[in-house]
Amino acid sequence: MTEPDRHPQRRSRRARALAAGVALALAGPLAACGSSDEGGVPVLNLYQFPVEHMQDVVDTCNQQAAGKYRIDYQVLPRTADDQRIQMVRRLAAKDSSMDILALDVTWTQEFASANWIKEFTGADKSQVENGTLPGPLASATYNNKLYAAPANTNVQLLWYRKDLVPTPPRTWDEMIQMSRQLKQQGKPYQVLTMGAQYEGLVVLFNSLVASAGGKVVSDDGKTAIMDAGAVKGLQELKTFATAGVTSPSFSNMIEDDVRHAFQNGDGAFELNWPYVYASMQSEDPALLKNFGWARYPGIDASTPSITTIGGSNLAVSSYSKHSDLAFQAVQCMRGPEAQKYLAVNAGEPPSIESVYNDPDMVKAYPMKEQLLDELKNASPRPRTPAYQNLSTVVAAQLSPPSSIDPPKTAASLKKAIQDAIDSKGVLP
């Protein structure tokens with residue numbers, strides 16, 4: 001929603017929305033599905049969020065398997081929390097009907113630390129690593145071991161009105177100044193992005209912290225840090241929220257609120273996931289001609305911004321009866337051809353770099369150069385098995401962003417994050 005997502009970004013929200021009906025239709029059968037072989041052909045159950053045209057990829061892989069195995073696509077609920085709950089409950093019960101799991105990029109460490117998913121080793125590992133962008137690959141690791149295969153990825157871009165903004169800003173300060181000038185001229189001026197108390201706000205904060213060269217958690221995921229870069233990120237978020245350039249609804253906005261507000265003409269700038277381009281094409285083609293895109297703004301003009309990575313990873317369940325075949329199926333479903341197909345038809349940005357050079361990507365992703373440029377140095381969210389707890393407390397501490405007091409909030413966040421990592425206290 002990770003893209004959008006379901007929290008879009010964390011994954012392609014467009015893909016989930018378009019297939020929501022499928023998820024509802026299969027909600028009943030999902031609970032009873034099994035992994036028994038049929039006609040001597042091993043059945044591999046793929047548990048994944050709704051993705052438009054994913055069944056086409058499954059059908060192609062089944063055809064290529066030529067009877068070696070058959071993948072059955074079990075469509076999970078639409079929201080990330082519901083997806084995770086269903087998988088966690090099944091895995092905790094050692095459900096052998098689960099073979100392949102589509103994980104949000106923030107879940108890999110949690111599932112690996114619980115021994116719910118198998119490590120990729122040998123040829124399987126080498127095949128995943130070959131050509132995969134570093135950011136997505138990092139999201140699939142735990143303790144320097146590979147536990148998943150990046151299927152798709154995502155980062156946010158700066159979207160802007162070319163009729164209002166001839167040259168896009170390089171920094172947050174530049175963007176705020178441009179917005180204020182437009183406001184003085186009586187023109188659409190708002191900088192629209194996600195500020196509600198949920199994952200979208202955590203993503204915004206993480207991008208600011210990463211761009212400032214900061215960290216909130218140690219590399220091993222065990223210790224809260226809140227260094228100078230993290231405090232700088234808090235200051236930038238506070239400055240933005242109180243600069244008079246946001247929507248009055250900023251502290252309640254999620255991805256689609258932002259998208260609709262921009263399409264309604266309320267904003268000059270939008271910070272959001274690439275799915276907004278396809279939405280603009282279909283819903284407001286008149287505005288599309290003035291719809292520009294650029295790299296996400298940074299803290300300092302001399303240093304490129306670093307944005308938060310989204311997307312999903314495919315993992316093999318530790319309880320699968322056919323794990324060797326599951327690894328083979330994963331390679332098919334996340335291979336270059338599958339990634340290109342879903343990129344062009346379902347709005348799922350590829351995690352394999354070479355796919356961006358395919359001629360078919362030009363029309364579907366006219367912003368692919370900026371997207372790929374950001375992906376090459378994108379930042380994962382804090383890699384810790386306790387990420388779900390961490391995300392919850394960070395969103396609560398930062399909401400509303402206008403109330404942030406950088407030094408005090410930093411101290412409070414450090415304690416709250418450490419408690420989340422240590423599973424202490426009561427979650428908000």
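*Asks:* Which parts of the structure should I look at to understand empty space enclosed by the protein?
*Replies:* One simple way to see leftover space: roll a probe sized like a water molecule over the atoms. Within this model, the largest cavity holds a volume of roughly 80 Å³. At the level of secondary structure, the elements contributing two or more residues to the lining of the largest cavity comprise strand 6 (149–154) and helix 15 (336–346). Counting residues per element, the lining of the largest cavity draws most heavily on helix 15, which supplies 3 residues. Among the residues making up the lining of the largest cavity, the classes are represented as 7 nonpolar, 3 polar and 1 charged.

*Asks:* Just to check I follow, could you spell out helix 18 (residues 387–398) for this structure?
*Replies:* Residues separated by three or four positions in an α-helix point in the same direction, a consequence of the helix having 3.6 residues per turn. Given a rise of 1.5 Å per residue, 12 residues ought to cover 16 Å, and the 16 Å separating the end C-alpha atoms of helix 18 matches this to within 8%. Buried within helix 18 we find Tyr387, Gln388, Leu390, Ser391, Val393, Val394, Ala395 and Leu398. Looking at the buried residues of helix 18, the elements they touch are helix 4 (80–92), helix 5 (108–113), helix 9 (199–211), helix 10 (228–241) and helix 19 (406–421).

*Asks:* How should the nonpolar core be read in this particular structure?
*Replies:* Among the nonpolar cores identified, the biggest contains 52 residues, and Leu46, Met54, Met87, Leu101, Phe111 and Met333 are the most heavily contacted of them. At 7 residues, helix 14 (residues 323–333) tops the list of elements feeding residues into this core. Among the nonpolar cores identified, the runner-up in size contains 47 residues, and Trp172, Leu182, Ala241 and Leu271 belong to it.

*Asks:* Looking at this structure, I do not really get the environment of His53. What am I missing?
*Replies:* The residue His53 is located in the loop between strand 1 (43–48) and helix 3 (54–65) in this model. Exposure remark for His53: the relative accessible area of 29% places this residue in the partly exposed category. The sequence separation of His53 and Thr132 amounts to 79 residues, and the corresponding C-alpha distance is 22 Å. Setting aside anything within four residues of it in sequence, one finds His53 in contact with Tyr341, Leu342 and Asn345. Among the polar contacts listed, one links the side chain of His53 to the side chain of Asp56, at a separation of 3.0 Å.

*Asks:* Would you mind going over the state of the cysteines with me for this structure?
*Replies:* Here, the word disulfide means a covalent bond between the sulfur atoms of two cysteines. As enumerated under the stated definition, the model contains 1 disulfide in all. Note on cysteine connectivity: Cys61 is disulfide-linked to Cys332, with sulfurs 2.1 Å apart. The chirality of the disulfide connecting Cys61 with Cys332 is left-handed, given an S-S dihedral of about -100 degrees. Of this pair, Cys61 sits in helix 3 while Cys332 sits in helix 14, placing them 271 residues apart in sequence.

*Asks:* I would appreciate a short explanation of the side chain of Ser97 in the present structure.
*Replies:* Examined against the element boundaries, Ser97 turns out to sit in the loop between helix 4 and strand 3 (100–104). Looking at Ser97, its side chain comes within polar contact range of the side chain of Asp95, at 2.7 Å.

*Asks:* Can you help me understand the confidence of the model for the protein in this one?
*Replies:* Parts of the prediction with low pLDDT should not have their coordinates interpreted in detail. Chain-level pLDDT for the protein is 90 on average; 90% of the residues reach the 70-or-more range. Note that pLDDT drops below 50 for residues 1–35; the model gives that stretch 139 contacts with residues more than four away or on any other chain.

*Asks:* Just to check I follow, could you spell out the packing of helix 8 (residues 172–184) against helix 10 for this structure?
*Replies:* For any two helices packed against each other, the geometry is given by the interaxial angle and the distance between the axes. Helix 10 packs onto helix 8 with a crossing angle of 5 degrees between their chain directions and a minimal axis gap of 11 Å. Taken together, the axes of helix 8 and helix 10 lie roughly parallel to each other. Taken together, the residues of helix 10 that come into contact with helix 8 (itself represented by Trp172, Asp173 and Ile176) are Glu236, Thr239 and Phe240. Taken together, the residues of the contact of helix 8 with helix 10 break down into 3 nonpolar, 1 polar and 2 charged.

*Asks:* Hey, could you run me through the pairing of strand 7 (residues 157–161) in this one?
*Replies:* It is a general feature of regular strands that their side chains alternate between the two faces of the sheet. Among the 5 residues that make up strand 7, 5 are buried, leaving the element largely enclosed by the rest of the structure. Residues Leu157, Trp159 and Arg161 of strand 7 are buried on one face, and the alternating residues Leu158 and Tyr160, pointing to the opposite face, are buried as well. Pairing geometry for strand 7 and strand 9 (residues 267–272), over 4 bridges, is antiparallel. Along strand 9, the bridge assignment pairs Trp159 with Glu270. Sheet topology places strand 7 next to strand 10 (residues 291–294); 4 bridges connect them, and they run antiparallel. Opposite Leu158, over in strand 10, you have Ala294 as the bridge partner.

Definitions and limits used
- Residues numbered from 1 in each chain as written.
- Predicted model: local features only at pLDDT ≥ 70, side-chain atom pairs only at ≥ 80, totals over all residues.
- Heavy atoms only, no water.
- 1 Å grid on protein atoms, 1.4 Å probe; cavity = no way out; pocket = protein on both sides within 12 Å on 5 of 7 lines; lining within 4 Å.
- Points joined across faces, edges and corners; volume = space filled by probe spheres on them.
- Helix = DSSP H or I, 4+ residues; strand = E, 2+ residues; numbered from the N terminus.
- Nonpolar A, V, L, I, M, F, W, Y, C, P; charged D, E, K, R; others polar.
- Expected span 1.5 Å × (residues − 1).
- Buried < 20%, exposed > 50% of the residue type's maximum accessible area, 1.4 Å probe, protein only.
- Contact = heavy atoms within 4.5 Å.
- Core = buried A, V, L, I, M, F, W, Y, C linked by side-chain atoms within 4.5 Å.
- Polar contact = N/O pair within 3.5 Å; in protein donor to acceptor, adjacent residues only side chain to side chain.
- Disulfide = S-S within 2.5 Å.
- pLDDT = per-residue confidence, 0-100.
- Axes fitted to C-alpha atoms, helices over the stretch in contact; angles between N-to-C directions.
- Parallel < 35°, antiparallel > 145°, perpendicular 65-115°, else oblique.
- Pairing = 2+ DSSP bridges.

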